[in-house]
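Structure assessment
Next come the chains, spelled out residue by residue.
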Amino acid sequence: MASAWWPCLILALLSGLAASGFLRSPSRPLGKRSLPEGVVNGIEVYSTKISCKVTSRFAHNVVTTRAVNRADTAKEVSFDVELPKTAFITNFTLTIDGVTYPGNVKEKEVAKKQYEKAVSQGKTAGLVKASGRKLEKFTVSVNVAAGSKVTFELTYEELLKRHKGKYELYLKVQPKQLVKHFEIEADIYEPQGISTLDAEASFITNDLLGSALSKSFSGKKGRVSFKPSMDQQRSCPTCTDSLLHGDFIITYDVNRESPANVQIVNGYFVHFFAPQGLPVVPKSVVFVIDVSGSMHGRKMEQTKDALLKILDDMKEEDYLNIILFSGDVTIWRDNLVQATPENIQEARTFVKNIHDQGMTNINDGLMRAINMLNKAREEHRVPERSTSIVIMLTDGDANVGESRPEKIQENVRNAIGGKFPLYNLGFGNNLNYNFLESMALENQGLARRIYEDSDANLQLQGFYEEVANPLLTGVEVEYPENAIQDLTQNAYQHFYDGSEIVVAGRLLDEDMNNFKADVKGHGATNDLTFTEEVTPDKIILWNGAAQSTFGWLDTVTVTQDGLSVTINRKKNMVVSFGDGVTFVVVLHQVWKKHPVHQDFLGFYVVDSHRMSAQTHGLLGQFFHPFDFEVSDIHPGSDPTKPDATMVVKNHRLTVTRGSQKDYRKDVSIGTKVACWFVHDNGEGLIDGVHSDYIVPELF
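Per an unreviewed UniProt entry, the protein chain is named Inter-alpha-trypsin inhibitor heavy chain H3, and its organism is Ursus maritimus. Regarding the protein chain, the UniProt comment filed under Subcellular location (unreviewed entry) reads as follows: "Secreted". If you open the UniProt record of the protein chain and go to Function (unreviewed entry), you find "May act as a carrier of hyaluronan in serum or as a binding protein between hyaluronan and other matrix protein, including those on cell surfaces in tissues to regulate the localization, synthesis and degradation of hyaluronan which are essential to cells undergoing biological processes."

Within the protein chain, the secondary structure is distributed over ten helices and 44 strands. Looking at the protein chain residue by residue over its 699 residues, the buried ones come to 48%. Once local pairs closer than 6 in sequence are excluded, the contacts in the protein chain between residues at least 24 apart make up 65%.

Our focus in this paragraph is the packing of aromatic side chains. The tally for this structure, following the rule as stated, stands at 14 aromatic pairs. With a centroid separation of 5.2 Å and 65° between ring planes, the pair formed by Phe273 and Phe530 is classed as edge-to-face. Highlighted residues: Phe273 in strand E20 (residues 268–273) and Phe530 in strand E33 (residues 527–534), separated in sequence by 257 residues. Phe530 carries the same exposure label as Phe273, and that label is buried. Three or more aromatic residues joined by ring pairs make a cluster, and in this case those are Phe182, Phe203, Phe226 and Phe248. Taking the ring centre of Phe272 as reference, the NZ or CZ of Arg57 above it sits at 3.7 Å.

Time to look at the sheet that holds strand E44 (residues 671–678). Overall, antiparallel pairing links the four strands, which are arranged E41-E42-E43-E44 in an open sheet. In the strand order of this sheet, the two ends are held by strand E41 (628–638) and E44, each with one partner. Within this sheet the neighbouring strands show an average axis-to-axis angle of 35°, counted without direction. As paired strands, strand E43 (residues 651–662) and E44 are joined by eight bridges and run antiparallel to one another. If you follow Asp662 over to E44, its bridge partner there is Thr671.

The next thing to look at is helix H6 (residues 341–352). For H6, which comprises twelve residues, the first-to-last C-alpha distance of 17 Å matches the rise-based estimate of 16 Å (1.5 Å per residue) to within 8%. Buried residues of H6: Asn343, Ile344, Ala347, Arg348, Phe350 and Val351, and no others. Across the axial projection of H6, the buried residues extend over an arc of 160°, all falling on one side. Facing away from the buried side of H6, by more than 90 degrees, are the exposed residues Pro341 and Glu342. Among the structural elements, helix H5 (298–313), strand E22 (319–325) and strand E24 (337–338) are those in contact with the buried residues of H6.

Another point: the side chain of Ser51. Of note, Ser51 is situated in strand E3 (residues 43–55). When neighbours within four sequence positions are excluded, Ser51 is seen to be in contact with His60, Asn61, Val62 and Glu185.

What follows concerns the packing of helix H7 (residues 362–378) against helix H8 (residues 405–416). Orientation of H7 relative to H8, taken along the N-to-C sense of each, is 5°, at an axis distance of 10 Å. By the angle between their axes, H7 is roughly parallel relative to H8. On H8, the residues that touch Asn363, Leu366, Met367, Ile370 and Asn374 of H7 are Ile408, Asn411, Val412, Ala415 and Ile416. Its residues placed into classes, the contact of H7 with H8 shows seven nonpolar, three polar and no charged.

Next up on the list: the packing of H5 against H6. Two elements in contact, H5 and H6, have axes whose closest approach is 10 Å; the angle formed by their N-to-C orientations is 180°. With respect to H6, the element H5 is oriented roughly antiparallel. Taking contact as the criterion, the partners of Lys304, Leu307, Leu308, Leu311 and Asp312 in H5 are, on H6, Ile344, Ala347, Arg348, Val351 and Lys352. Here the residues of the contact of H5 with H6 sort into six nonpolar, no polar and four charged.

On to the confidence of the model for the protein chain. Scored by pLDDT, the protein chain comes out at a mean of 82, with 84% of its residues at no less than 70. Note that residues 1–34 has pLDDT below 50 and, in this model, 98 contacts with residues that lie over four places away or in other chains. In this model, residues 124–131 is a region of pLDDT below 50 whose contacts with residues beyond four sequence positions or in other chains number 39 contacts.

The next thing to look at is helix H9 (residues 433–441). All of the buried residues along H9 are Tyr433, Phe435, Leu436, Glu437, Met439 and Ala440. Each element contacted by the buried residues of H9 is listed here: H7, strand E25 (387–394), H8, strand E26 (422–427) and strand E27 (447–450).

Analysis parameters
Residues numbered from 1 in each chain as written. Predicted model: local features only at pLDDT ≥ 70, side-chain atom pairs only at ≥ 80, totals over all residues. Heavy atoms only, no water. UniProt positions renumbered as here; feature names shortened; annotations may be inferred. Helix = DSSP H or I, 4+ residues; strand = E, 2+ residues; numbered from the N terminus. Buried < 20%, exposed > 50% of the residue type's maximum accessible area, 1.4 Å probe, protein only. Contact = heavy atoms within 4.5 Å. Phe/Tyr/Trp six-rings, centres within 6.5 Å; stacked < 30°, edge-to-face > 60°. Lys NZ or Arg CZ within 6 Å of the ring centre and 35° of its normal. Pairing = 2+ DSSP bridges. Axes fitted to C-alpha atoms, helices over the stretch in contact; angles between N-to-C directions. Expected span 1.5 Å × (residues − 1). Arc of directions from axis to C-beta. Parallel < 35°, antiparallel > 145°, perpendicular 65-115°, else oblique. Nonpolar A, V, L, I, M, F, W, Y, C, P; charged D, E, K, R; others polar. pLDDT = per-residue confidence, 0-100.

Here you go:
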């Protein structure tokens, strides 16, 4: 979480800069010159580029800003980047006149102390601090001599989470001045294939955005480029300030031929699970609302507005109750009630009459909610196949009743007993958010801060929408015993519509041919098991020293220099050489429990007549016609398979009639083809002997 990671970058630049004279004004003043457009306080930021590379939901982002001091004296240049709270910085460098100074990334406990020490010594240091709802700000400043250039480069990474059916890459844009070369470039690669891709900006109209934005996707690859000219950056046609100030958001989703997808790289695997089309599991939800005096005014009105909208969105098969806490606890109903139209209307009336008063008794409010849910389950007041949820909203710390955070956590943990999740919403900044977050996480929920703003009611509604549609409960992801280690979380209370479960781990045996991953959960009507057969077998394509690696789970086409390679998921690989010959490699899969047979590859040539007459090899020597004669057909040892005499290549051979499957057109069943079988490993038919065609390894 963001609270556990407070990176600090310390750049030991003092000695290097002083020696070069960068911290003081140069002894020789520069002549006056006209300043180009885009110069602010003598500093021209002439290039800003945000480069994003997303692979399998993991984003690697590099922010590069280049500036030059156009003034006659040394100037301070600042570099600000706002990055998502879920991201982590991996590198920072500062380059001045071609000399690069690397930064050292420190974790939270060390960060602040080293930052303060570096600043007190006159060194350059950057610190990450909270900045708004989704972001943290990294800031660093440095003195730059007149005429000198400086380049800031920050690298950060994050795992993109699926939210309401889409992955979101969130970028904050704020160059603060016109930039000659400004660009956002995002390349996305998803092995499952990309199904949708979009981009939007909060600071520019769609008409202007469209002329500066390009986006495209095909198969596994997608690309977004935003490259506004200086005129497009202006806040008005004659203005010199920039309108680029706001959010740039890229969203996409992937193809889902099956509920799960497992990807294996270098002995590690990541397992993505997001089933679709399942019925929603009914839920019993208790809203625990802080109505203490500090909620007075707009916060209370926004909370009531959000609750009224949430009540309208509840499904009739759901159950609910509302508990209010201040110095005392007030409940709407003694027990959970079904969300019938009549009950919803009565709940709306109750919400409209809520008013603030008194102190903050978090413990008693939560305990009443938990006990109510436990009682409803024990007394069978709610459907057997339903789930329970507690959603608490507070804007302050407990100050009456049990007010010790650690004791409240203990009480809640013991009462819930791992049976259902707790979601805590912290309204504003005057509260112990770490306490709310810790309590939620240990009860398999999460915490969310609600910011005091005009859209606080929308923030509350948005959170409820995330948990409104559980599709599975009691989700467990299972792997073969003694095959996996270093496993991340693999058990979840709920799977919600539009989200995704991600599990990662390491294979104990990197050469493991295959393994099975089972995802089990309780659905609205029955228990479900989703099984994914995983194979790490690779298809590697070389182009000189460069190589591309794929698997039989992929569907992809690669074309280069007249060569086309198409992989059809779990079926075959087709290799074509322009207008020439086409090869088909078929993946033949057999029954997994077969005591002898294993999966194998079949090699087929589609256009053998196009091969050169000089082609040879076990198959190649038969690509062109040759003379043979079959005679003396007579019964063999098997009455259903007659024998005959074949004269070929000056040899007289005994052959047997039979059939073989041709899988070129039907890779599943194949087509039966009548043929003559040559005995003794083809002796007399093939050139040389069969062992001449066996090689110990391909590479």
